[in-house]
Amino acid sequence: MIRTCLFDMGNVLVFFSHERMCRQIGALCGWNRDECRRQLMDSGLQWNYERGLLTCAQMRDALSELSGRSISLAALDRATADIFIENTSMLPVLARLKANGQRLVLLSNTSVSHVRYVEKHFDVLNEFDDRILSCEVGAIKPEARIYEAALEAIHCDPGECFYTDDIAAYIEKGREYGLDAEIFTQTAVLKEHLHDRQITGF
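Residues numbered from 1 in each chain as written. Predicted model: local features only at pLDDT ≥ 70, side-chain atom pairs only at ≥ 80, totals over all residues. Heavy atoms only, no water.

Trainee: Could you give an account of the overall build of the chain, with specific residues and numbers?
Mentor: Helix and strand counts for the chain stand at eleven helices and seven strands. Against the compact-globule benchmark of 17 Å for 202 residues, the chain has a radius of gyration of 18 Å, which places it among compact chains. Overall, the chain is about 55 × 30 × 25 Å in size when its C-alpha atoms are taken along their principal axes. Contacts in the chain between residues at least 24 apart in sequence constitute 67% of all its contacts with a sequence separation of at least 6. As presented, the chain carries roughly 9500 Å² of accessible surface, and 47% of it is formed by carbon and sulfur atoms. Within the chain, one finds 22 positive and 30 negative side-chain charges whose respective centroids are separated by 5 Å. (Helix = DSSP H or I, 4+ residues; strand = E, 2+ residues; numbered from the N terminus. Rg over C-alpha atoms; globule rule 2.2 N^0.38 Å. Contact = heavy atoms within 4.5 Å. Areas by Shrake-Rupley, 256 points an atom, 1.4 Å probe, with all protein chains shown as cover. Lys, Arg positive; Asp, Glu negative; His and termini not counted. Charge placed at Lys NZ, Arg CZ, Asp CG, Glu CD.)

And the structure:
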């Protein structure tokens, strides 16, 4: 029996584009998209931001130093976070699960600015009972600490928790912890996974 559903956020509940983020931050820093990706992501700077090891101001300062440009926090926040589109097909799925009495928990590699943007512009997080966010836990998937935090938040045995994520490596790690996990490809396929587990309404 599935008591809790554990959801990734990016490309499950909301679609996002790292490409757009790199273009927008690159425009602030005077970098092309590829140079921005190298400075931001290949260097690990973005992942440390998502681990919560850097505040928004520290991220701004790091990019200002690397680029030699003065960057405002407001401009960086827009460039960083205006990259999401809500997956509206997931709204009735979450509402049905909630009506059934399933506990809903978010498990996301994300930054403060990303969560703040999604909360402000969309409704998709409203049904969740708890959130395990990399920027609060200090670890990103597939690191152990974030999964251990998720196991504490689900309030059931791992085998009673259904977990979905769009990254195969994260699903495999979830299975190592005993979670009933399936990769997310599209909402229709997710409904099939929920139906297969005899969850009411699917």
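Trainee: Explain the layout of surface pockets residue by residue, including any values.
Mentor: Reported here for the largest pocket is a volume of approximately 310 Å³. Residue lining of the largest pocket: 19 residues in total, with Gly 10, Phe 16, His 18, Glu 50 and Asn 109 positioned closest to the centre. Per-class residue counts for the lining of the largest pocket are seven nonpolar, seven polar and five charged. (1 Å grid on protein atoms, 1.4 Å probe; cavity = no way out; pocket = protein on both sides within 12 Å on 5 of 7 lines; lining within 4 Å. Points joined across faces, edges and corners; volume = space filled by probe spheres on them. Nonpolar A, V, L, I, M, F, W, Y, C, P; charged D, E, K, R; others polar.)

Trainee: Let's hear about the pairing of strand S7 (residues 180–183): which residues, and what values?
Mentor: Bridge analysis of strand S6 (residues 161–165) against S7 gives four bridges, and the strand direction is parallel. Of the residues in S7, the one forming a bridge with Thr 164 is Glu 182. On the question of chirality, the crossover connecting S6 to the parallel S7 by way of helix H10 (residues 168–176) is right-handed. (Pairing = 2+ DSSP bridges. Right-handed = clockwise from strand over helix to strand, strands pointing away.)

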